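# Inside the fold
Residue strings, one per chain:
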Amino acid sequence: KAGVTQTPRYLIKTRGQQVTLSCSPISGHRSVSWYQQTPGQGLQFLFEYFSETQRNKGNFPGRFSGRQFSNSRSEMNVSTLELGDSALYLCASSFSGTKTDTQYFGPGTRLTVL
Amino acid sequence: GNSVTQMEGPVTLSEEAFLTINCTYTATGYPSLFWYVQYPGEGLQLLLKATKADDKGSNKGFEATYRKETTSFHLEKGSVQVSDSAVYFCALSSSGAGSYQLTFGKGTKLSVIP
């Protein structure tokens, strides 16, 4: 079974631009979560989607948004990029998004904002 | 709120040494506990998990026991190898607002020298 895939793997943008990251979950998984990883803040939860509905959102500004499609694939968007948005963005999928479920992570998208 | 505290590294060990990485947590209710590992340039991989008190998770020679009385989930391995060099994250998953998210510790970088 294929794992979680994320595209693109690397991105370089300039301040003020916007960016869209994509995530394809493991086949059959309906829950997709996004995390931001930085050296200073570590791993922080962005949001979680289940059956096209956002069920939970972390403490991030409204510039960060996402969506999930009917095939469970998910995208996240960051508008008006700031230097501090440079990070590794990780997507994770699980079967049902319950607390006992294992979340399987993709390789991440490395975003650099210049 | 939920939080995870783990010993910060870096930790440097000789091959075949005994490894312990301490992890304690604060959470409401009864969380599930996880250890994830991240190799350079990659996403997170599940190492082991435990979903209720006194459960022991184990994988690839690593073990951790869910201790509710001490709110701990320490990671141990009897004999480390050079290939175990990576960053290890302790995490918990608990309920909240109808969906579940992972809360991570800061990570412990392990280097194993021959």
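Residues numbered from 1 in each chain as written. Chains lettered and ligands numbered in written order. Predicted model: local features only at pLDDT ≥ 70, side-chain atom pairs only at ≥ 80, totals over all residues. Heavy atoms only, no water.

## With respect to the overall build of chain A
Secondary structure summary: chain A contains 0 helices and 11 strands in total. Counting from the amino terminus, helix and strand elements in chain A follow one another as β-β-β-β-β-β-β-β-β-β-β. Expected size for 114 residues packed as a compact globule is a radius of gyration near 13 Å; at 13 Å, chain A falls within 12% of this value. By its C-alpha atoms, chain A is 35 × 25 × 25 Å across when sized along the principal axes. Here chain A, with 114 residues, has 51% of them falling under the buried criterion. For chain A, the share of sequence-separated contacts (at least 6 apart) that also reach a separation of at least 24 residues comes to 55%. (Helix = DSSP H or I, 4+ residues; strand = E, 2+ residues; numbered from the N terminus. Rg over C-alpha atoms; globule rule 2.2 N^0.38 Å. Buried < 20%, exposed > 50% of the residue type's maximum accessible area, 1.4 Å probe, protein only. Contact = heavy atoms within 4.5 Å.)

## Structural notes on the pairing of strand E2 (residues 11–14) of chain B
Residues and elements named next belong to chain B. Burial of E2 is one-sided: the residues Val 11 and Leu 13 facing one way are buried, the residues Thr 12 and Ser 14 facing the other way are not. The sheet contact formed by E2 and strand E12 (residues 108–113) spans 4 bridges and is parallel. Following the sheet pairing, Ser 14 is matched in E12 by Ile 113. (Pairing = 2+ DSSP bridges.)

## Here's the deal with the nonpolar core
Within the largest apolar cluster, 25 residues are counted, with the highest numbers of intra-cluster contacts made by Trp 35, Leu 48, Phe 73, Leu 75 and Tyr 88 of chain B. In terms of residue count, strand E10 (residues 86–94) of chain B provides more of this core than any other element does, 4 residues in total. Beyond its immediate sequence surroundings of up to four residues, Leu 75 of chain B is in contact with Leu 19, Thr 20, Ile 21, Trp 35, Leu 47, Leu 48, Phe 62, Glu 63, Ala 64 and Tyr 88 of chain B. Residues Cys 23, Tyr 49, Phe 60 and Met 76 of chain A belong to the second largest nonpolar core, which totals 21 residues. (Core = buried A, V, L, I, M, F, W, Y, C linked by side-chain atoms within 4.5 Å.)

## Here we look at the sheet that holds strand E3 (residues 19–21) of chain B
Residues and elements named next belong to chain B. A sheet is described by the order of its strands in space; here 4 strands give the open sequence E3-E9-E8-E7, paired in antiparallel fashion. At either end of the open sheet lies a strand with only one pairing partner, and these are E3 and strand E7 (56–59). Between one strand axis and the next, the sheet turns by 15 degrees as a mean value, whatever way the strands run. With 2 bridges connecting them, strand E8 (residues 62–65) and strand E9 (residues 75–77) associate as antiparallel partners. By the bridge assignment, Phe 62 is partnered in E9 with Lys 77. (Axes fitted to C-alpha atoms, helices over the stretch in contact; angles between N-to-C directions.)

## What to know about the pairing of strand E9 (residues 87–94) of chain A
All names here are of chain A. The buried count for E9 comes to 8 of 8 residues, which makes it a mostly enclosed element. Burial of E9 is two-sided: the residues Ala 87, Tyr 89, Cys 91 and Ser 93 facing one way and the residues Leu 88, Leu 90, Ala 92 and Ser 94 facing the other way are all buried. Where E9 and strand E11 (residues 109–113) come together, 3 bridges link them in antiparallel fashion. Bridge pairing links Leu 88 to Arg 110 in E11. Pairing analysis gives 2 bridges linking E9 to strand E10 (residues 104–105), with the strands arranged antiparallel. If you follow Ala 92 over to E10, its bridge partner there is Phe 105.

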